[in-house]
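Notes for the structure review
Letter by letter, the chains look like this.
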Amino acid sequence: MIPVCDVTIGKNELKYVSDAISTGWISSSGKYVQSFEEQFALFCGNKYATTTTNGTSALHLALLAIGIQAGDEVILPTFTMAASAFAICYIGAIPVFVDAEPDTWNIDTDKIEEKITEKTKAIMTVSIFGNPSHMEKVLHLKKKYALKIIEDAAEAHGSEYDGKQISHYADITTYSFFANKHITTGEGGMVTTDNEEYYDRCRYYKNMCFSLDGNRNYLHEDIGYNYRMSNVTAAIGLAQIENIQQYIDMRIVNGRKYIDLLRSIPGIKLQQSHERVKHVYWMNGIVVDENIYGRSRDELRVHLSQRGIDTRLFFNGMHRQPSLKKYGCDCSGAYPISDSLSDNGFYLPSSTSLKLEEIEYVCKVISEYQGGIL
Ligand SMILES: *Cc1c(COP(=O)(O)O)cnc(C)c1O
């Protein structure tokens, strides 16, 4: 079976992990945490980076850092992973959904303004599958309504808009190092920012709200969290970041190859990226137009599976989530683009280490199944 996503481990992961363990530095103090944070900040071109336990806790910290409070509204794409919305709920704030754009599958920036109210405090952009949103329009709204921008770049390490990393455009940006992301620590996350105050607030909240001056008098002014990354995890992260550009470039080559081979198949729709954007192809998704392709999305998935090709469904929009309805989100509007992506889309194999022959094989199976000539 060609998996949807495999991990790529380099030479130094085991070496650094052994070093962390053999020297006894296995908790969240230790040189690998600091080095990983420094290298990640350098890579993103941000002044500050701080590690967390995963991409979801990174979002929670980032929202706390920019001052989101209970009852505040945060606008985000409905077509995203549940963590984006859940982190807003952790604070008691209210996620407000915007439908996707039909071509880029990102938040439809023309539909944000109609959702802004007096309670709106921030816009959360998500670079879906590694494809940054139309930031110029988002920045215009930020200025007009004095909002904060938080970017969920869990799927978008190294992505760019107008030649600058996506984190350049947000007040605060979050990353995930889950096993299927561009670089991984198994589980892990990072928050980056140029704002020292936000950086300090992240470090404060992630460490139980111990005072940052190191004075451990065991008096906590606020309710904190334990979102600290261990030195063992950071050892994997440091080894991964040594190869990050190579891993990103490999995913881009794979993504472009898929586009090359699939774009002429009638009824197979691919994610488009804006010309100002550098898409980093986290996952290669396709959307099946059954009327044109001649087979349904589900038939195609079964067929691929029978030919040894693993696939995964796209996520369901946030407006469809029973959990968020229960929480009290307004899920009543129509989100036809997101619905059509969820109902007709799925991911093809997207590992960093995918071989060219494997991509050619996957595309050949998709093409031949249309004609039914296998
Ligand atoms: C993976 C992902 C997250 C969550 O990251 P975890 O490390 O799994 O907590 C958040 N947002 C998006 C868009 C993601 O793809």
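Residues numbered from 1 in each chain as written. Predicted model: local features only at pLDDT ≥ 70, side-chain atom pairs only at ≥ 80, totals over all residues. Heavy atoms only, no water.

One open sheet holds the 4 strands; their spatial order is 10-12-14-13, and the pairing between them is antiparallel. With partners counted over all chains shown, the strands left at the sheet margins are strand 10 (268-270) and strand 13 (312-313), one partner each. Inspection of the sheet shows strand 13 paired to strand 14 (residues 345-348) by 2 bridges, in the antiparallel sense. Across the sheet, the residue bridging to Leu-313 is Phe-346, located in strand 14. Those strands touched by helix 10 (residues 297-306) are strand 10, strand 12 (284-288), strand 13 and strand 14, and its axis lies near 20 degrees from that of strand 14. (Pairing = 2+ DSSP bridges. Helix = DSSP H or I, 4+ residues; strand = E, 2+ residues; numbered from the N terminus. Contact = heavy atoms within 4.5 Å. Axes fitted to C-alpha atoms, helices over the stretch in contact; angles between N-to-C directions.)

Inspection of the region around the ligand gives 14 residues, with Thr-56, Asp-152, Glu-155, Ser-176 and Lys-181 positioned closest. Note that an oxygen atom of the ligand is positioned 2.5 Å from one of the side-chain N or O atoms of Thr-56. Here an oxygen atom of the ligand and a side-chain polar atom of Glu-155 are 2.6 Å apart. Look at the ligand: alone it shows 390 Å² of surface, and the protein chains cover 93% of it. By residue class, the composition of the shell around the ligand is 4 nonpolar, 7 polar and 3 charged. (Near = heavy atom within 4 Å. Polar contact = N/O pair within 3.5 Å; in protein donor to acceptor, adjacent residues only side chain to side chain. Areas by Shrake-Rupley, 256 points an atom, 1.4 Å probe, with all protein chains shown as cover. Nonpolar A, V, L, I, M, F, W, Y, C, P; charged D, E, K, R; others polar.)

To continue, consider the pairing of strand 3 (residues 94-98). Burial analysis of strand 3 places 4 of its 5 residues in the buried class, which makes it a mostly covered element. Looking at chain direction, strand 2 (residues 73-77) and strand 3 are connected through 5 bridges and run parallel. Across the sheet, residue Glu-73 finds its bridge partner in strand 3, namely Ile-94. Each parallel crossover has a hand, and for strand 2 linked through helix 4 (residues 82-90) to strand 3 it is right-handed. (Buried < 20%, exposed > 50% of the residue type's maximum accessible area, 1.4 Å probe, protein only. Right-handed = clockwise from strand over helix to strand, strands pointing away.)

Turning our eyes to something else, we now look at the packing of aromatic side chains. By the definition in use, this model includes 22 aromatic pairs. Aromatic side chains Trp-282 and Tyr-347 sit 6.2 Å apart centroid to centroid with 70 degrees between the ring planes, which places their arrangement in the edge-to-face category. Residue Trp-282 is found in the loop between strand 11 (277-278) and strand 12, and its partner Tyr-347 is found in strand 14; the two are separated by 65 residues along the sequence. Since its relative accessible area comes to 5%, Trp-282 is described here as buried. For Tyr-347, a relative accessible area of 8% puts it in the buried group. Between Arg-295 and the ring centre of Tyr-369, over which it is positioned, the NZ or CZ distance is 4.1 Å. (Phe/Tyr/Trp six-rings, centres within 6.5 Å; stacked < 30°, edge-to-face > 60°. Lys NZ or Arg CZ within 6 Å of the ring centre and 35° of its normal.)

The next subject is the sheet that holds strand 1 (residues 48-52). Pairing within the open sheet is mixed, and its 7 strands lie in the order 1-9-8-5-4-2-3. Each end of this open sheet is capped by a strand with a single partner; those strands are strand 1 and strand 3. On average, each strand axis in the sheet is inclined to that of its neighbour by 25 degrees, with strand direction left out of account. By the bridge criterion, 5 bridges tie strand 1 to strand 9 (residues 189-193) in an arrangement that is antiparallel. What sits directly across from Ala-49, in strand 9, is Thr-192. Across the sheet, helix 3 (residues 55-65) touches strand 1, strand 2, strand 4 (120-126), strand 5 (148-152), strand 8 (172-176) and strand 9, and the angle it forms with strand 8 is around 170 degrees.

At a closest axis distance of 8 Å, the pairing of helix 1 (residues 12-22) and helix 7 (residues 231-241) adopts a crossing angle of 150 degrees. In terms of their interaxial angle, helix 1 and helix 7 are classed as roughly antiparallel. In the packing of helix 1 onto helix 7, the handedness of the crossing is right-handed. Contacts from Asn-12, Glu-13, Tyr-16, Val-17, Ala-20 and Ile-21 in helix 1 reach Asn-231, Val-232, Ala-235, Ile-236, Leu-238, Ala-239 and Gln-240 in helix 7. Split into classes, the residues belonging to the contact of helix 1 with helix 7 amount to 9 nonpolar, 3 polar and 1 charged. (Parallel < 35°, antiparallel > 145°, perpendicular 65-115°, else oblique. Left-handed = near helix turned anticlockwise from the far one by under 90°.)

If you walk through the whole model with that rule in mind, you get 2 cavities of 30 Å³ or more. Space inside the largest cavity adds up to approximately 90 Å³. In terms of lining, the largest cavity is formed by Gly-255, Tyr-258, Ile-259, Leu-270, Gln-271, His-279, Tyr-281, Met-283, Asn-284 and Gly-285. The set of elements that each furnish at least two residues to the lining of the largest cavity consists of helix 8 (244-262) and strand 12. Among the elements that take part in the lining of the largest cavity, helix 8 stands out by supplying 3 residues, more than any other. Considered class by class, the residues forming the lining of the largest cavity number 5 nonpolar, 5 polar and no charged. Taken as a whole, the second largest cavity holds about 40 Å³ of empty space. Of the residues that constitute the lining of the second largest cavity, the class distribution is 4 nonpolar, 5 polar and 3 charged. (1 Å grid on protein atoms, 1.4 Å probe; cavity = no way out; pocket = protein on both sides within 12 Å on 5 of 7 lines; lining within 4 Å. Points joined across faces, edges and corners; volume = space filled by probe spheres on them.)

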